[in-house]
Amino acid sequence: MATTTTIPTTKTIRDRLKTYGRKGETYSDILSRLMDAVDRDEFMDRMYQRLEEKEQFVSLDDL
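Residues numbered from 1 in each chain as written. Predicted model: local features only at pLDDT ≥ 70, side-chain atom pairs only at ≥ 80, totals over all residues. Heavy atoms only, no water.

In this structure, what is going on with the overall build of the chain? I would like to understand it.
Across its full length, the chain carries two helices and zero strands. Each principal axis of the C-alpha atoms in the chain carries an extent, and together these give about 45 × 25 × 20 Å. Counting across all 63 residues of the chain, residues that qualify as buried make up 5%. When the accessible surface of the chain is totalled, it reaches about 6200 Å², and 54% of it is carbon and sulfur. Distance between charge centroids for the chain: 12 Å, based on 11 positive and 13 negative side chains. (Helix = DSSP H or I, 4+ residues; strand = E, 2+ residues; numbered from the N terminus. Buried < 20%, exposed > 50% of the residue type's maximum accessible area, 1.4 Å probe, protein only. Areas by Shrake-Rupley, 256 points an atom, 1.4 Å probe, with all protein chains shown as cover. Lys, Arg positive; Asp, Glu negative; His and termini not counted. Charge placed at Lys NZ, Arg CZ, Asp CG, Glu CD.)

Please clarify how the environment of Leu-31 should be interpreted in this entry.
Positionally, Leu-31 belongs in helix α2 (residues 27-53). With a relative accessible area of 34%, Leu-31 lands in the partly exposed category. Taking C-alpha positions, Leu-31 is 8.2 Å from Leu-17, a pair spaced 14 residues apart along the chain.

What should I look at first to understand a negative patch on the surface in this one?
On the surface, a cluster of negative charge is made up of Asp-36, Asp-39, Asp-41, Glu-42 and Asp-45. Along the chain, the position of Asp-39 falls in helix α2. In this structure Asp-39 comes out as partly exposed when scored by relative accessible area, which is 46%. (Patch = residues over 30% accessible without salt bridge, like charges linked within 9 Å, V, L, I, M, F, W, Y side chains within 5 Å. Salt bridge = Lys/Arg side-chain N within 4 Å of Asp/Glu carboxyl O.)

Could you clarify how one ought to interpret α2 in this entry?
Note: α-helices contain 3.6 residues per turn, so residues at a spacing of three or four share the same orientation. Taking 1.5 Å of rise per residue, the 27 residues of α2 would be expected to cover 39 Å, and the 39 Å separating its terminal C-alpha atoms lies within 8% of that figure. Of the residues flanking the end of α2, it is Glu-55, one or two places downstream, whose phi is positive at about 60°. (Expected span 1.5 Å × (residues − 1).)

The quantities given are spatial measurements derived from coordinates; they are silent on function.
As structure tokens, this is what we get:
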């Protein structure tokens, strides 16, 4: 099992983090899911940027 740690934060941030949770999720579960989502979004943004630079990307708005 992974070693746990304590991360100091304000009650406001803790309560905000709770709102992102699903039933039965730990704080670690919530944080991991949120970080995974950000990583995917940033990856997709970089890929779209590369396609635009190569002029291989056509926005649906342009169709």
